[in-house]
Structures are given as C-alpha cells and as structure tokens.
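Structure assessment
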There are 2 protein chains.
Amino acid sequence: MTARTRKPPTLEDVAREARVSLKTASRVLNGAINVRQEKADRVRAVMERIGYRPNELARSLMTRKSSVIGMIVANLANPFITSVIHEVQEVARSHGYVAIVTSSKGRPDIERMEIETLVRRRIDGLILAPAESRRDTITDALPNDLPLVTLDQLVRGASFDSVTITNRRSACDATQHLLGHGYRRIVAIGTRPHLYTSKERITGYRESMRRASFEPRVCCVDHEDLLTSEWFDKEVIRGQSADAVLSLNWVTTLHFLRGLDALGIRGGRNIPFIAFDDFDLGDVLSPRLTVVRQPSELLGRESAQLLFDRMNGKRRPKPDAVVLPAGLIIRESCGCKGSRSSS
Amino acid sequence: MTARTRKPPTLEDVAREARVSLKTASRVLNGAINVRQEKADRVRAVMERIGYRPNELARSLMTRKSSVIGMIVANLANPFITSVIHEVQEVARSHGYVAIVTSSKGRPDIERMEIETLVRRRIDGLILAPAESRRDTITDALPNDLPLVTLDQLVRGASFDSVTITNRRSACDATQHLLGHGYRRIVAIGTRPHLYTSKERITGYRESMRRASFEPRVCCVDHEDLLTSEWFDKEVIRGQSADAVLSLNWVTTLHFLRGLDALGIRGGRNIPFIAFDDFDLGDVLSPRLTVVRQPSELLGRESAQLLFDRMNGKRRPKPDAVVLPAGLIIRESCGCKGSRSSS
DNA sequence: ATGAAAGCGCTAACAT
DNA sequence: ATGTTAGCGCTTTCAT
C-alpha cells in the first residue's frame, strides 16, 4: 500500500494552531464578516502555512448540497455534444459547481446505472440527454425532487424542463432546400427511428415532401453498425434511386460519407446531400458540407442555466420547454455553387 | 425555494423499518457475509420498498476514499482527447469510480484552480494533461501523496507516472516520408513551441531534415488565434516557399486547412501535408489526410490503469514512464497515390 | 452473528 | 464577536 504519509490537516488543526475555536475557523473559511480582523488573519495564515484544504465532502454532508451536477450524454465522440458539455461546465464553474459527465452509449440500461451512481453521490441536479424518449425509465431511477433538465431528446408527458432544437422545422427547411434544387427522390437516412429527434426530423422531411407532392423515402436502421457501404448502395442509392440525401444525424453522416467513399462516390458531388450536425472539417470538405447546425453552445448554456435556476427555485413551478433554432448552413454539398476558388 | 419534499431515507430508517441495528443494515449494504439470511432479506426488502440510496458522501467521509478520480485536459473539443476520456471513464467505471473531467484551456492558472477544486473534493487520483511542462506549477497545488498520472505532456524531473507517445520518432517518420516524396522545403507548423510535445516533434522533424541535409523550417505561433490565412500565406507558403507541410497538432491542422481554403489552396493537393492527430472525416477528405495517429484509446486505458495500480499500491515506488507508439497513417495528402476510385 | 458507541470533518443552532 | 453542542449518514472499533 502507498502509505499516505499523514492525514491532511483539518479545520480543527487550523483552529488549534491559530488558537481560536473551531467555529471561528469555520467562519473565516466561509468568509463570514463577524470575525475580528486580527483573528481572521491569524487563521488564514495558519491555513496557508499548513496547507489546509477544506474537505468538500464533509461540508456537503452537512449542508446536503454536494455542489456537483451530473450530466449524462449518449456519445462523447460527437463534437456537437462535446461543445454542449464545455458550456455546461462553464456555467457550472461560475456557480462553484463541478460536473460529472458520463456516457450512456445510448443504452437505457447503462443510463439507469449512471443515474444511480450519480444519485448516490448526491448530485444537486442532472442534465440528461436521454437514451430513449420514454418517461418511466428515467423517473423510476430518479428521486422525484431532483432538479432535472433533459436535452436533445424530448420526453413526452414529462414534468421536467427540457431544451431541444427545432428538429421538425429544420428538417423541413433542409428538405425544401433540396427540393428547390430540383431533386425529387430525396432519401432521408438515419438511425434509431423511434427516438424523438429522429421522429421529428422524419416528420419535417415528410411534410416537405408531401407538400411538394413527392413520395417520402425514409431509410433507417436500428444500429449504426448496420450503416455499411453495402446498405447504402443497396437500400439508398439503388433501392430508392436517390438523387439527393438528407442525413438525420452525425453518426449517420460519418458512415454515409465513408460508405460512399468506399463505393467510389463523392457525397455532395455525385449525390447532393444535407446533414444534421456539422463536422470539424465540414467547411473544408470537398464539396463543403451543407448542414443543419445545432446551436450547441447555446444548448449547453441554456440547459445549465435552466438547471441552476430550478435548483435555486427561480422558476415557475411549471416545467419549461425551451426550443432553440437550428439553422441551415448552406455550403456546397446540397448542390449550391460554392465560392471555392480552384479545385 | 423548491421545497425538497422530505429528506431521503437513511440507513437508520432502513434499520428501524427492518427492525435490525444500524450496523446490521450497514453489513447488508456492504455485502458482508456474517448476517443471517433472514435478516439480510428483510433489510434488502425495506431498502427496495422505501427507495433507499446509500449516501456516498457520508461513506467517503468515513472511509477517506471518495471513489472519484479527476481528469484535467486542455481542450475538450479535440476528438483525440475525447477518445482518451472515454476510455478513462470505462476503466474508472470498472473500478466503481467516476471521473470528474474538467478543462484547463491550456492555461496553467486555470489548471491550478481546477486542481484545487478537485483536491477539495478529495479525489483519490488525478490524470492530468498538463497545460505546461513545468513541474512546480503542478506539484505546488497538489498534496504530495495524491496519485498522479500525467498524459501527453511530459513533465521533466517529475516523480509521478506519465504516459506519452513517440513524439520525436513519429515526427521523424512523418518528415522522412515527405522527404521520400522528394520535397525539401518542408515546413513544420504548430502552436506553443515551448510545450514538451511541440519541442519533441520539432526535434524529430529537425533530425530528419538535417540527416537529409536540408534546412529545417519551423513556423510556430504562441496562440492558435494567430493561425490566420494571412499568416500561412505570408510566413509559410511564401515566406518559406514551402513545398510540403508538417502540422504539429490538431488545432494547427484545423486552422491550416481552413486558412488554405480561404486562399484557394487545397491542403494535400496543392501542398503536400502530414498532420499530427486524425480528424473524424480525415479519411474522406479530398485528398485523404495522411496523419500521425495517436493511440488515444490505449492512452486512456494505460493512464487510467496506471493510476489505479498506483492507488492500489500495485506498482514499484519508482514512477513509470510509459511511451506509446503513434503510427503514421499513410493516405493521400502526403503525396501518395490514393485508391479513391473517381473524383 | 449482532449491536452500542465513537467519530469522519465540517456546519447549524443556539448559546454567550 | 465568539464558543458550545449537536449532528449530517455513514463505517469502524470493540464489545457481546
């Protein structure tokens, strides 16, 4: 065993060294005003000298407030989510909180376990990007008084705050844009069609197609592993004779572009193409990706702010359902003429 | 205030309801064997019924073990780091731990504050991707007995474990590969040249150039904001008449490709090009990116494993310095003929 | 196998 | 302005 040299100093050690009572030391620690300057200085000097670090665990136990929020996401690899996390952490830090971020891998069973460990650690609030759109899988695992904000996926009939984007509307806009280019056999591709976001985006797509009197063509798989180049070739390209594609999420786009590439097809060039979610190099890809860009920073800030408001009782009892706009970033892959100089 | 309806049940509540002593309930909770089956079942039934959740905070206070590790990274947006985090969390979870991951933004002052908050929360170990390569900024803020593993940046003269990659060697290989294509005015570009990783990579690059009797050309800036297209044009392209480029890190590559694009130049096509760190679409980009790929999953697993070994006293007292190989993924941007079918 | 008492390091409530 | 006494929810002696 690594012998921890000695126990770290406690507030009692500080008090003894500074010849004040424990409570006075505590007051100094918490910046209380009613302490004589002289004693306060003495206490602070001792703290500095012996390297005192307050034990946040002990404090939390007493105050019933851990100063920790939890955040559960589906997939850490998605840069969209990374950006959300970053903003959440900024807000958390500004409130003196830290965030424990874990991943559910999109699986409700893992999500449940993650919730359990977070609850045991007595988090003060939770930001959850649900693995499913079902309410009971979440509420069952949660103390009913834990402030909760859901993100991305909307959980219907839920009694907690949510932050989502204009899924339907943005899918509508994207489809319309492709229709405007004259494409008619536009195929929507994606994963996990039963998810709220998928359903909404598909609905938006369908609306646009119907309005234009074209037949909607939706190709979805249950798991991303099924997004092989063979599948794209057979189901999308040939099966639907696609003349344009709308990709409903990040992971689909990733596999789609790789799959096409393996087939010797250039996404966006040979097949016009709009995707939900941007990529780090989406603006440099050839052709540049036209995407529906989720306002990830805003999503992070809004959801965290909502959570802290709720934790501080600053909101109406009624849950808030914030919907943020996701805008179409028109570049080239949709068929628009880009401004790329040479090639 | 949101009135938390009622205090969550404690082990004492469980014990009372199950008509056993507090200690017996505790034994059941911790899976001790010396409890009569009948009582154990009763206790478990009560726990289930009243929705008891052990308070990890209280347990931690007593056991002096928080079951939390900290992880501080420079930049959450870098997909390489995301992948490391994911693996660290997997290892942590397998040990019954959670990880609190925070970002230093590459700034030592923020790093220091983050260390402080983590120490106050009594983390049992820390995985740190240092913002700088200086030892004292780290050790000053840290209890000297806290198990620590550094990642990515090596801190010289340090007495803790580290996990790094073959920076010098990989830079050497990458440069050699470009030289093999016949380029001689190869320019190494990057940020923060004083960092360990930068220095090592630059050294590797210089070695290769010298060995081939070509003049090394290094263009670095102190902050990524200075990586403008004007800078690339003036300093790299024209200033050095570069006929090939070696990008020393992810953020540089990102700005480089965008900058070139703004100049109407295709990275990899017009300017042959190898980069440290891969991109999500690096294999689909035209031309496909030739990269030095850091074994991020392995880095995550190794560093976490090292940390837990250290925490459990399973290592020799001497600090370990693990060096993992980063391999060259040869695609097209270096000038190699790709296998892309059409274009 | 079981329980009573002490205590982890801090803050809350009530003194003074 | 300062100190005293409890006690947060658990685990750890040390009895029995």
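Residues numbered from 1 in each chain as written. Chains lettered and ligands numbered in written order. Predicted model: local features only at pLDDT ≥ 70, side-chain atom pairs only at ≥ 80, totals over all residues. Heavy atoms only, no water.

Chain A is annotated in an unreviewed UniProt entry as LacI family transcriptional regulator of Edaphobacter acidisoli.

Our next topic: the relation of the copies chain B and chain A. Once chain B has been moved 0.0 Å along the axis and rotated by 180°, it coincides with chain A to within an RMSD of 0.1 Å. Such a combination of rotation and displacement between the chain copies is what one expects of a two-fold axis. Among all residues of chain B, the one whose C-alpha sits closest to the rotation axis is Ile100(B), at a distance of 2.5 Å. A high fraction, 99%, of the interface residues of chain B reappear at the interface in chain A, so the copies pair face to face through one surface. (Least-squares fit on C-alpha atoms with pLDDT ≥ 70 in both. Contact = heavy atoms within 4.5 Å.)

All names here are of chain B. Pairing is parallel in the open sheet, where six strands are placed in the order S2-S1-S3-S4-S5-S11. The sheet is open, and its two edges are formed by strand S2 (98–103) and strand S11 (321–324), each paired on a single side. The sheet shows a mean angle of 15° between the axes of neighbouring strands, direction not considered. Pairing analysis gives three bridges linking strand S4 (residues 148–151) to strand S5 (residues 161–165), with the strands arranged parallel. (Pairing = 2+ DSSP bridges. Helix = DSSP H or I, 4+ residues; strand = E, 2+ residues; numbered from the N terminus. Axes fitted to C-alpha atoms, helices over the stretch in contact; angles between N-to-C directions.)

Turning our eyes to something else, we now look at the pairing of strand S9 (residues 273–276) of chain B. Residue and element names in this part refer to chain B. Because side chains alternate across S9, one face comprises the buried residues Phe 273 and Ala 275, and the other comprises Ile 274 and Phe 276, equally buried. Note that strand S8 (residues 244–247) and S9 share three bridges and pair parallel. Considered in S9, the bridge of Ser 247 is made with Ala 275. The handedness of the S8 to S9 crossover, carried by helix H11 (residues 250–262), is right-handed. (Buried < 20%, exposed > 50% of the residue type's maximum accessible area, 1.4 Å probe, protein only. Right-handed = clockwise from strand over helix to strand, strands pointing away.)

Lining the immediate surroundings of DNA strand C are 25 residues, of which Leu11(A), Tyr52(A), Thr24(B), Arg36(B) and Met62(B) lie closest. Within 4 Å of the protein, the atoms of DNA strand C are drawn from sugar and phosphate moieties in a proportion of 71%. Asn55(A) has a polar backbone atom sitting 3.1 Å from a phosphate oxygen of DNA strand C. The separation between a base nitrogen of DNA strand C and a polar main-chain atom of Ala58(A) is 3.5 Å. Contributing elements (two or more residues each) for the surface near DNA strand C: helix H2 (22–29) and helix H4 (56–63) of chain A together with helix H2 (22–29) and helix H4 (56–63) of chain B. Of all the elements, H4(A) adds the most residues to the surface near DNA strand C, at four residues. Here the residues of the surface near DNA strand C are counted per class, giving nine nonpolar, eight polar and eight charged. (Near = heavy atom within 4 Å. Polar contact = N/O pair within 3.5 Å; in protein donor to acceptor, adjacent residues only side chain to side chain. Nonpolar A, V, L, I, M, F, W, Y, C, P; charged D, E, K, R; others polar.)

It is worth spelling out the state of the cysteines at this point. Residues and elements named next belong to chain B. This structure, assessed with the given rule, holds zero disulfides over all chains. Cys 172 takes part in no disulfide bond, and the closest cysteine sulfur, belonging to Cys 334, lies 17 Å away. Taking the relative accessible area as the measure of exposure, Cys 172 reaches 7% and is therefore buried. With no disulfide of its own, Cys 220 lies closest to Cys 219 among cysteine sulfurs, the gap being 7.6 Å. (Disulfide = S-S within 2.5 Å.)

Following the UniProt record, the feature "domain: HTH lacI-type" (unreviewed entry) maps to residues 9–63 of chain A here. The span residues 9–63 of chain A is 69% helical and 0% strand by assignment, and the distance between its end C-alpha atoms comes to 21 Å. (UniProt positions renumbered as here; feature names shortened; annotations may be inferred.)

Helix packing geometry: the angle between the two helix axes and the distance between the axes. All names here are of chain B. Contact geometry for helix H8 (residues 167–180) and helix H9 (residues 196–211): axes closest at 7 Å, N-to-C directions at 40°. Relative to H9, the element H8 is oriented oblique. Between H8 and H9 lies a crossing whose hand is right-handed. Of H9, the residues touching H8 (which contributes Asn 167, Arg 168, Ala 171, Cys 172, Thr 175, Gln 176 and Leu 179) are Tyr 196, Thr 197, Glu 200, Arg 201, Thr 203, Gly 204, Tyr 205, Glu 207, Ser 208, Met 209 and Arg 211. For the contact of H8 with H9, a count of residues per class yields six nonpolar, seven polar and five charged. (Parallel < 35°, antiparallel > 145°, perpendicular 65-115°, else oblique. Left-handed = near helix turned anticlockwise from the far one by under 90°.)

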